[in-house]
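# What the coordinates show
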Amino acid sequence: MYKYKTKGVCSQEILFDIKDDIITDLHIVGGCRGNTQGVAKLAIGRNINEVIPLIKGIKCRGNTSCPDQLAIALENYKTQKNLQ
C-alpha cells in the first residue's frame, strides 16, 4: 500500500494500491467522511491517468483539497514508479 502525507487539508493521509495503473484500493484518513468516501468510490477501478486530470486543481482550503491532494499523491506515485 502506498502512503501519502497530505498537506493543507483536513485529511492526514491517503493510502492506496495500484495494479497495472488501476486504483484497486483507496482510503483517505481524516477529512469530511462522506466526501472522502465518495472520492474513493469514484476513483477505485479507474486508471490513474484518467483520475489525475479530473481532480487536480480542485480548491477547498489552503488552495488545495482532498481530491487535489489525491492527484498529487498519484503523480508522486507515478514519479516514484517511473511511469510518466
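Our structure's up above, just so we're on the same page.
Residues numbered from 1 in each chain as written. Predicted model: local features only at pLDDT ≥ 70, side-chain atom pairs only at ≥ 80, totals over all residues. Heavy atoms only, no water.

Two elements in contact, helix α2 (residues 48–55) and helix α3 (residues 66–81), have axes whose closest approach is 8 Å; the angle formed by their N-to-C orientations is 140 degrees. As summarised for this structure, α2 and α3 are arranged oblique, according to the angle between their axes. Seen along the crossing, α2 lies across α3 with a hand that is left-handed. Contacts between α2 and α3 involve I48, N49, V51, I52 and I55 from the first element and P67, D68, L70, A71, L74, E75, Y77 and K78 from the second. When its residues are assigned to classes, the contact of α2 with α3 shows nine nonpolar, one polar and three charged. (Axes fitted to C-alpha atoms, helices over the stretch in contact; angles between N-to-C directions. Helix = DSSP H or I, 4+ residues; strand = E, 2+ residues; numbered from the N terminus. Parallel < 35°, antiparallel > 145°, perpendicular 65-115°, else oblique. Left-handed = near helix turned anticlockwise from the far one by under 90°. Contact = heavy atoms within 4.5 Å. Nonpolar A, V, L, I, M, F, W, Y, C, P; charged D, E, K, R; others polar.)

What follows concerns the pairing of strand β1 (residues 2–5). Here β1 shows a clear split, with Y2 and Y4 buried on one side and none of K3 and K5 buried on the other. Relative to strand β2 (residues 11–19), β1 runs antiparallel, the two being bridged by four bridges. The residue of β2 that forms the bridge with Y2 is F16. Hairpin connection from β1 to β2: five residues lie between these consecutive antiparallel strands, with G8 at a positive phi of about 80 degrees. (Buried < 20%, exposed > 50% of the residue type's maximum accessible area, 1.4 Å probe, protein only. Pairing = 2+ DSSP bridges.)

Tallying each qualifying case throughout the model produces three aromatic pairs. Here the aromatic rings of Y2 and F16 are separated by 4.8 Å at their centres, their planes lie at 40 degrees, and the arrangement is tilted. Placement of Y2 in strand β1 and of F16 in strand β2 is noted, with a sequence separation of 14 residues between them. Accessibility assignment for this pair places Y2 and F16 in one class, buried. On the numbers, 5.6 Å between centres and 85 degrees between planes, the contact of Y2 with Y77 is edge-to-face. Taken together, the residues Y2 in strand β1 and Y77 in helix α3 connect sequence positions 75 residues apart. You can call Y2 buried: its relative accessible area is 14%. Under the relative-accessibility criterion, Y77 is labelled buried at 11%. A network of ring pairs unites the aromatic residues Y2, F16 and Y77 as a single cluster. (Phe/Tyr/Trp six-rings, centres within 6.5 Å; stacked < 30°, edge-to-face > 60°.)

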